[in-house]
Amino acid sequence: MNKSHTNWKEFKLGDIGNIIRGSTPPTKNKEYFGNDCLFITPTDYKNCNKYISNSERGISLLGIEKLKNRLLPEGSVMVTCIATMGKVLINKLPAITNQQINSVIVDNKKFSADFIYYLLINNSNKIKSIVSGSAVPILNKKDFSNLIFELPPLAEQKQIASILSSLDDKIELNNKTNKILEELAQTIFEEWFINFN
């Protein structure tokens, strides 16, 4: 073990927080769907970097009541565990996910949700490696809960997560700047060579 990691301890993912496997309300009952809560599926991951604050579909108050044991508070760490495995996001608003996602409602008194996010992002190969061989790879809730990781004390978790979050913010800002510059270049090109202004 690295000397700087002597104060790191092993934890099962299930010890880090409450593990919730998502569920879909019966689709025949349209009253379960609405705009009162996010309903997140792996499809919603495609345009997100770290956080998610919207979803293609939503859940109604009736749907929330039906799946109240699956409701995730904001700041939960959500991991895709079927097919496209190991994608990780944190919800910015309360959410319910479908059954393709396992989530960790992190115990914030002992662990940092941001740190757990980076931990899982950087261990996607470990997550994929324990899946039983089948036509559609599935990581069930029990195996997901039993994944073991080494973690530092909370203060160190927060420090590491803060540095990584800062880098993520800079990358996202650069990406936005590049997009704006590309759009500006396209506009200038059109004005000069198509509209002849």
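The structure presented is a predicted model; accordingly, all values stated were derived computationally and were not measured.

Draft legend 1. Structural view of the environment of aspartate 168. Here aspartate 168 is to be found in helix H6 (residues 154-194). The exposure class of aspartate 168 is partly exposed, given its relative accessible area of 27%. For the pair aspartate 168 and asparagine 49, spaced 119 residues apart in sequence, the C-alpha separation works out to 8.6 Å. Setting aside residues no more than four positions away along its own chain, aspartate 168 makes contact with Lys50, Tyr117 and Tyr118.

Draft legend 2. Spotlight on a nonpolar patch on the surface. Among the surface-exposed residues, Leu181, Leu184, Ile188 and Trp192 lie close enough to one another that they form a single nonpolar patch of about 420 Å² accessible area. Note that isoleucine 188 resides in helix H6. For isoleucine 188, a relative accessible area of 36% translates into the label partly exposed.

Draft legend 3. Region of interest: the sheet that holds strand E5 (residues 57-59). Pairing in this open sheet of 3 strands is mixed, and the strands run E5-E3-E8 from one edge to the other. The sheet terminates laterally at E5 and strand E8 (95-97), the two strands that pair on one side only. Along the sheet, successive strands turn relative to each other by an average axial angle of 65°, direction set aside.

Draft legend 4. Spotlight on the packing of aromatic side chains. Summed over the entire model, instances satisfying the criterion amount to 4 aromatic pairs. A ring pair is formed by tryptophan 8 and phenylalanine 115, whose centres lie 6.4 Å apart and whose planes are at 70°; its orientation type is edge-to-face. With a gap of 107 residues between them, tryptophan 8 in the segment before strand E1 (9-12) and phenylalanine 115 in helix H3 (residues 113-121) connect regions that are remote in the sequence. Across the pair, phenylalanine 115 and tryptophan 8 agree in class, each one buried. Ring centres of tyrosine 117 and tyrosine 118 lie 4.9 Å apart, and the angle between their planes is 80°; this geometry places the pair in the edge-to-face category. Accessibility expressed as a relative area gives 7% for tyrosine 118, which makes it buried. Geometry around tyrosine 51 places lysine 92 over its ring, the cationic atom sitting 5.0 Å from the centre. A cation sits over an aromatic face here: lysine 126 above phenylalanine 149, 4.4 Å from the ring centre.

Draft legend 5. Focus on the sheet that holds strand E6 (residues 77-80). In spatial order, the strands read E2-E9-E6-E7-E4; together these 5 strands make up an open sheet with mixed pairing. Both edges of this open sheet fall to strand E2 (17-21) and strand E4 (51-52), since each of them pairs with a single strand only. As paired elements, E4 and strand E7 (residues 88-91) share 2 bridges and run parallel to each other. By the bridge assignment for E7, tyrosine 51 is matched with isoleucine 90. Along the sheet face, H3 touches E4, E6, E7 and strand E9 (101-106) and points at about 160° away from the line of E7.

Draft legend 6. Layout of the nonpolar core. Membership of the largest hydrophobic core comes to 28 residues, with the highest contact counts inside it found for Leu13, Val77, Ile116, Leu120 and Phe144. Mapped by element, the contributors of at least two residues to this core are helix H1 (13-16), E6, E7, E9, H3 and strand E10 (148-151). It is H3 that provides the largest number of residues to this core, a total of 7 residues. In contact with leucine 120, other than residues within four places in its own chain, are Leu13, Val77, Val79, Val88, Ile127 and Phe149.

Draft legend 7. Structural detail: the environment of proline 152. Tracing the backbone shows proline 152 in the loop between E10 and H6. Residues proline 152 and glutamate 10, spaced 142 residues apart in sequence, show a C-alpha to C-alpha distance of 9.0 Å. When residues no more than four places from it in sequence are discounted, the contact partners of proline 152 are Trp8, Phe115, Gln157 and Ile160.

Draft legend 8. Molecular detail of the confidence of the model for the protein. Of all residues in the protein, 94% have pLDDT values of 70 or greater, and the mean over the chain is 88. Here H6 stands out as the least confident element of the protein, with mean pLDDT 82; E8 is the most confident, with 97.

Draft legend 9. Layout of the pattern of salt bridges. Considering all chains together, one arrives at 4 salt bridges under this definition. For lysine 68, the salt bridge goes to glutamate 65, with nearest N and O atoms at 3.1 Å.

What counts as what
Throughout, residues of each chain are indexed from 1 in the direction in which the sequence is written. In keeping with the model being predicted, local features are shown solely for residues with a pLDDT of at least 70 and side-chain atom pairs are shown and tallied solely at 80 or more, while totals for entire chains, interfaces and linings include all residues. Working from all heavy atoms in the structure, the side-chain values ignore hydrogens and water. The numbering of helices and of strands both runs from the N terminus, where a helix is a DSSP run of H or I of at least 4 residues and a strand a run of E of at least 2. Accessibility here uses a 1.4 Å probe with only protein chains present; expressed as a share of the type maximum, an area under 20% marks a residue as buried, one over 50% as exposed, and anything in between as partly exposed. By definition in these notes, contact holds between two residues if any of their heavy atoms fall within 4.5 Å. Candidates for patches are residues over 30% relative accessible area with no salt bridge; among them, like charges are joined within 9 Å and nonpolar side chains (Val, Leu, Ile, Met, Phe, Trp, Tyr) within 5 Å. For accessible areas, the Shrake-Rupley method is used with a probe of radius 1.4 Å. Any residue's cover is judged against the shown protein chains and nothing else. Salt bridge criterion: a side-chain nitrogen from Lys or Arg within 4 Å of a carboxyl oxygen from Asp or Glu. Should DSSP find at least two bridges between two strands, the strands are taken to pair. Axis lines are fitted through C-alpha atoms, for helices just across the contact stretch, and the angle between N-to-C directions can take any value from 0 to 180 degrees. Ring geometry is summarised as follows: Phe, Tyr and Trp rings, the Trp one being its six-membered ring, pair when their centres sit within 6.5 Å, and such pairs are stacked at plane angles under 30 degrees, edge-to-face over 60 and tilted between the two. Here, a charge over a ring is recorded when the distance from Lys NZ or Arg CZ to the ring centre is within 6 Å and its angle to the ring normal is within 35 degrees. Throughout this description, the term nonpolar core refers to a set of buried Ala, Val, Leu, Ile, Met, Phe, Trp, Tyr and Cys residues connected via side-chain atoms within 4.5 Å. A score from 0 to 100, pLDDT tells how confident the predictor is in each residue.

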